[in-house]
Amino acid sequence: MPFVWMKLVLLNLFGFWNTDVVVFGSVNLALNKPTRQTSEYGGGRFSFKAVDGNLSTHNLDCSHTTYPTDTPNWLMVDLKVEYEITSINVLNRPGDAGDKLRNFTVSVWQYDPGPHIKYNMVDTEYCICVHYPNTAERATWTNLTCTKICMGRFVLFILNYQEILSICELEIFGDIYNGCSTQYLPEMNIKKVEGKRSSSPNCPPLPYEVTNVYECIHQCLQMNNCISFNYGPNLINSVNCQLVRCFSHPKEDFTVDSDWNWRYLSR
Ligand SMILES: *[C@@H]1O[C@H](CO)[C@@H](O)[C@H](O)[C@H]1NC(C)=O
Ligand SMILES: *[C@@H]1O[C@H](CO)[C@@H](O)[C@H](O)[C@H]1NC(C)=O
Ligand SMILES: *[C@@H]1O[C@H](CO)[C@@H](O)[C@H](O)[C@H]1NC(C)=O
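Looking at an unreviewed UniProt entry, the chain carries the name Apple domain-containing protein, with the source organism given as Lottia gigantea. UniProt, in its Subunit (unreviewed entry) section for the chain, records the words "Homotrimer." The record in UniProt for the chain states the following under Function (unreviewed entry): "Acts as a defensive agent. Recognizes blood group fucosylated oligosaccharides including A, B, H and Lewis B-type antigens. Does not recognize Lewis A antigen and has low affinity for monovalent haptens."

Okay, here's the thing in structure tokens:
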């Protein structure tokens, strides 16, 4: 009973409550959510074109990256809260351009994957919803059920080879993560990567002196663009908490540093 109540409160909070039947799995979670892609091709073919609900397959109505360099091409959707992702649908371009949509992987992350994206990633930090080795059919939908249910907030659509990524529409389905209960102690919400600190030039760390890790986490939660933080058990020049705020896709990732631990929020 408390669980049901919790679910209703959550649904109200996120505006999906409907007095008849809550058919959560059929709501496209990606619609109009924040997005990012590796690069911008230009002509207004921004990443949000993949989640704008416009099902036109004209190339100006689709997202479009430029050629990749050292990282694979990707498009990411930030669902804003955690879900249990169950399936995705992707609408492909017509013509020759449609053949570029092949050999892709859709993964689900609990934190912003930006700094971690590279070829041949090891899947210890994220959950693979589906890997599609084939070429998607031109000018139509490829609808895929996740091979396992993935819990997380960020959905990453990645091409596993060097090619432009262009998506006319990406739909994401799942259920709200209803783990909002006392079974999760605060400690379990902070994942720790020991002996490393985030040091991306695009994400200037904001230094703080705090009395414990919870104060650092509290600061991060209150700060716009704070995606994670570095926390060190000992003060270094009056600093033991660095909030990592990213304003664009972080290029460089981590520095090995035994005095610090990188942490991110997660259930
Ligand atoms: C999709 O977007 C294009 C360009 O803005 C617009 O011309 C077209 O009417 C839209 N299509 C739909 C179905 O909304
Ligand atoms: C998909 O890409 C990966 C990584 O480049 C490669 O190892 C694999 O052979 C590709 N699979 C297909 C079916 O092209
Ligand atoms: C695939 O998804 C699209 C978009 O939601 C939908 O219109 C279409 O009916 C689906 N196709 C199949 C075969 O389920």
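Student: Just to check I follow, could you spell out the overall build of the chain for this structure?
Tutor: In terms of helices and strands, the chain carries two helices and 11 strands. From first element to last, N terminus to C terminus, the chain shows the α and β order α-β-β-β-β-β-β-β-β-α-β-β-β. Residues counted as buried form 33% of the 267 residues belonging to the chain. Sequence-distant contacts, at least 24 apart, represent 77% of the contacts inside the chain between residues at least 6 apart.

Student: Any chance you could explain the site of ligand 3 here in plain terms?
Tutor: The environment of ligand 3 is made up of Asn89, Trp141, Asn143 and Glu171. Looking at the shell around ligand 3, its residues break down into one nonpolar, two polar and one charged.

Student: Could you clarify how one ought to interpret the nonpolar core in this entry?
Tutor: Here is a general trend for soluble globular proteins: nonpolar side chains tend to be buried in one another's company. Grouped together as the largest cluster of nonpolar side chains are 37 residues, with contacts concentrated most on Trp74, Val155, Leu156, Phe157, Ile167, Leu170 and Ile172. When contributions to this core are tallied by element, the ones reaching two or more residues are strand E2 (74–91), strand E3 (102–109), strand E5 (141–159) and strand E6 (169–176). Here this core gets nine residues from one element, more than from any other, and that element is E2. The residues touching Val155, leaving out its near neighbours within four places in the chain, are Met76, Val77, Leu79, Ile85, Val106, Val108 and Ile172. Ranked by size, the runner-up nonpolar core spans 11 residues in total, among them Cys203, Val213, Cys216 and Leu243.

Student: Explain the confidence of the model for the chain here, please?
Tutor: Parts of the model with low pLDDT should not have their predicted coordinates read in detail. Mean pLDDT over the chain: 81, with 81% of residues reaching 70 or higher. Across residues 1–23 the pLDDT falls below 50, and counting only partners more than four positions away or on other chains, this stretch makes 17 contacts in the model.

Student: What am I meant to see in the site of ligand 2 here?
Tutor: As a structural note, the neighbourhood of ligand 2 is formed by Asn103, Pro133, Asn160 and Tyr161. Class assignment of the residues belonging to the shell around ligand 2 gives a composition of two nonpolar, two polar and no charged.

Student: What is the right way to read helix H2 (residues 213–222) from this model?
Tutor: Residues that lie three or four places apart on an α-helix share one face, since the helix turns once every 3.6 residues. Within H2, burial applies to Val213, Cys216, Ile217 and Cys220. Summarising the axial view, the buried residues of H2 lie within an arc of 95°, below the 170-degree limit, and thus occupy one face.

Student: Looking at this model, I keep getting lost on the pairing of E5. Mind explaining?
Tutor: Residues in a regular strand project their side chains so that they alternate between the two faces of the sheet. Of the pairings in the sheet, the one linking E2 to E5 comprises 13 bridges and is antiparallel in character. In the sheet register, Val77 faces E5, and the bridge partner there is Val155. Both E3 and E5 contribute to a ladder of six bridges, which runs antiparallel. Paired with Trp109 across the two strands is Phe154, which belongs to E5.

Student: Teacher, can you tell me more about the environment of Leu243 here?
Tutor: With respect to the secondary-structure elements, Leu243 resides in strand E10 (residues 239–245). Overall, Leu243 belongs to the buried group, with 24 C-beta atoms counted inside 10 Å. Each C-alpha atom of the pair Leu243 and Tyr231 lies 8.7 Å from the other, and the pair is 12 residues apart in sequence. With sequence-adjacent residues up to four places away left out, Leu243 is seen in contact with Pro205, Leu206, Tyr208, Gln219, Cys220, Met223, Cys226 and Phe229.

Student: Where do I start with the environment of Phe229 in this structure?
Tutor: With respect to the secondary-structure elements, Phe229 resides in strand E9 (residues 226–236). For Phe229, a count of 29 C-beta atoms within 10 Å translates into the label buried. Taking the C-alpha atoms as reference points, Phe229 and Arg197, 32 residues apart in sequence, are found 8.2 Å from one another. Setting aside its immediate chain neighbours within four residues, Phe229 contacts Cys216, Cys220, Cys241, Gln242, Leu243, Val244 and Arg263.

The rules behind each value
- Residues numbered from 1 in each chain as written.
- Chains lettered and ligands numbered in written order.
- Predicted model: local features only at pLDDT ≥ 70, side-chain atom pairs only at ≥ 80, totals over all residues.
- UniProt positions renumbered as here; feature names shortened; annotations may be inferred.
- Helix = DSSP H or I, 4+ residues; strand = E, 2+ residues; numbered from the N terminus.
- Buried ≥ 20, exposed ≤ 12 C-beta atoms within 10 Å, placed from the backbone.
- Contact = placed C-beta atoms within 7 Å.
- Near = placed C-beta within 6 Å.
- Nonpolar A, V, L, I, M, F, W, Y, C, P; charged D, E, K, R; others polar.
- Core = buried A, V, L, I, M, F, W, Y, C linked by C-beta atoms within 7 Å.
- pLDDT = per-residue confidence, 0-100.
- Arc of directions from axis to C-beta.
- Pairing = 2+ DSSP bridges.

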